[in-house]
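Chain and residue survey
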Amino acid sequence: MRNKILFYSMFFCFFSCDMGEIPVPAHEAGDMLISEIEIGEDYRYQSFFNLFNNEIVSQNIKTDWDLAFETSIEGWRIFLNSSKGGAAWKISDEFFQNVPEINLANWEWDSPDGNLDSNAIGDYRNQSNHYVIDRGYDYEGIHLGYRKIRIDSVDSYGYSLRYATLDNSFDTIIWVAKNQNVAKTCFSFQTHKVISIQPTSDNWDLVFTQYTNLFYNPLTPYLVVGVLTNYPHVVVAVDTINDFSTISYAMIESYDFSEAQDIIGYDWKTYNYQSGTFSINTNINYIIKDVNGRYFKLHFIDFYNSSGVKGYPKFEYQQL
């Protein structure tokens, strides 16, 4: 009798159940979280954030560094400190000791999207170029001056770099060793030292910071305040159609993700020139794939802290 019951049960399921519709457990979303990040009223801080742990893993003052060096074994690229408005001028066919005329400078800036082939210093290998670096501005708007640099060599271990003031009153050669636990090793002209800025590459997703955006026709660099991603490990999709509450894991395949580091950027807020205040563009949602392949939805809800001070972006987010 038990065999008959089992047979009839199997027979019923075989003819009444579509095998393509076998129920599977629902994908459980995480808790809804709210975080507030300190950039500061004068935008002095760079804050590196880990979405999964909901924590700032590292924070530094933006003037702590000037140059960042690619650290992979084959890496050779050198990046400017975009948060200060840093720029570079390539000089060819001149002696390093010559004093450059700044009024003749042809400045270039790193691309804000993180494209490795669009940084201002470019490919210096097997060339006789040197560069003047505009160190940009501190958080009080004070210009930090200039340095000239020449990259003498780069290999799997690090960089040999000569740098000086424009009038050669300080002229030295340094070695910047590669640290492959991070994507970039940073150096400060102020302290003449390598400085630890970025957390390990697998421990952060977003950095809240001021950075240089490039507007075109004509080309105009402009310091903005926003969010950059851990390029190229974090990718982001932008949703301006769906309500934040309705975005789910099941929708992920319908999105187009970008690895551009400024895809979140600065325009989730709008500045009102008449009132001198910022407002949040509440129709913009971000779907983020973090460094470990987890998906989150995020949208901003404020740019002011509870005391009404700007420079404290607040956002709501949830793991999908």
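Residues numbered from 1 in each chain as written. Predicted model: local features only at pLDDT ≥ 70, side-chain atom pairs only at ≥ 80, totals over all residues. Heavy atoms only, no water.

**Some words on the nonpolar core**
The line we're drawing: Here, the term nonpolar core denotes a set of buried Ala, Val, Leu, Ile, Met, Phe, Trp, Tyr and Cys residues that are joined through side-chain atoms within 4.5 Å. Any residue under 20% of the maximum accessible area for its type is buried, any over 50% is exposed, and the rest in between are partly exposed; the area is computed with a 1.4 Å probe on protein chains only. Starting at the N terminus, helices and strands are each numbered in turn, a helix being any DSSP run of H or I of at least four residues and a strand any DSSP run of E of at least two. The contact criterion used throughout is that any non-hydrogen atoms of two residues lie within 4.5 Å.
Counting residues in hydrophobic clusters, the biggest one holds 24 residues, and the most contacted among them are Phe208, Ile264, Tyr286, Ile288, Leu298 and Phe300. Secondary structure elements with two or more residues in this core: strand 13 (206-215), strand 14 (220-229), strand 18 (285-289), strand 19 (295-304) and strand 20 (310-319). When residues in this core are grouped by element, the largest group, five residues, is from strand 19. Excluding residues within four positions of it along the chain, Phe300 makes contact with Phe208, Val227, Ile264, Trp268, Ile280, Tyr286, Pro313, Lys314 and Phe315. Counting 20 residues, the second-largest nonpolar core is a separate cluster that includes Phe69, Tyr159, Ile174 and Phe189.

**Digging into unusual backbone geometry**
The linkage connecting Asn217 with the following residue, Pro218, adopts the cis geometry, with an omega of 0°. Within the secondary structure, Pro218 sits in the loop between strand 13 and strand 14. The backbone phi angle of Asn54 is positive, close to 50°, even though this residue is not glycine. Relative to the elements of secondary structure, Asn54 occurs in the loop between strand 2 (45-50) and strand 3 (55-61). Residue Asn126 is not a glycine yet carries a positive backbone phi of 60°. One can find Asn126 in the loop between strand 6 (87-91) and strand 7 (130-134).

**Digging into the pattern of salt bridges**
Here is the rule: Note on definitions: salt bridges are taken to be side-chain nitrogens of Lys or Arg within 4 Å of carboxyl oxygens of Asp or Glu.
According to the stated counting rule, one finds 10 salt bridges in the structure shown. The residue Asp123 makes a salt bridge to Arg125 at a minimum N-O spacing of 3.0 Å. Its relative accessible area of 35% is what places Asp123 among the partly exposed residues. Under the relative-accessibility criterion, Arg125 is labelled partly exposed at 34%. The partner of Arg294 in a salt bridge is Asp290, and the shortest N-O contact between them spans 3.0 Å.

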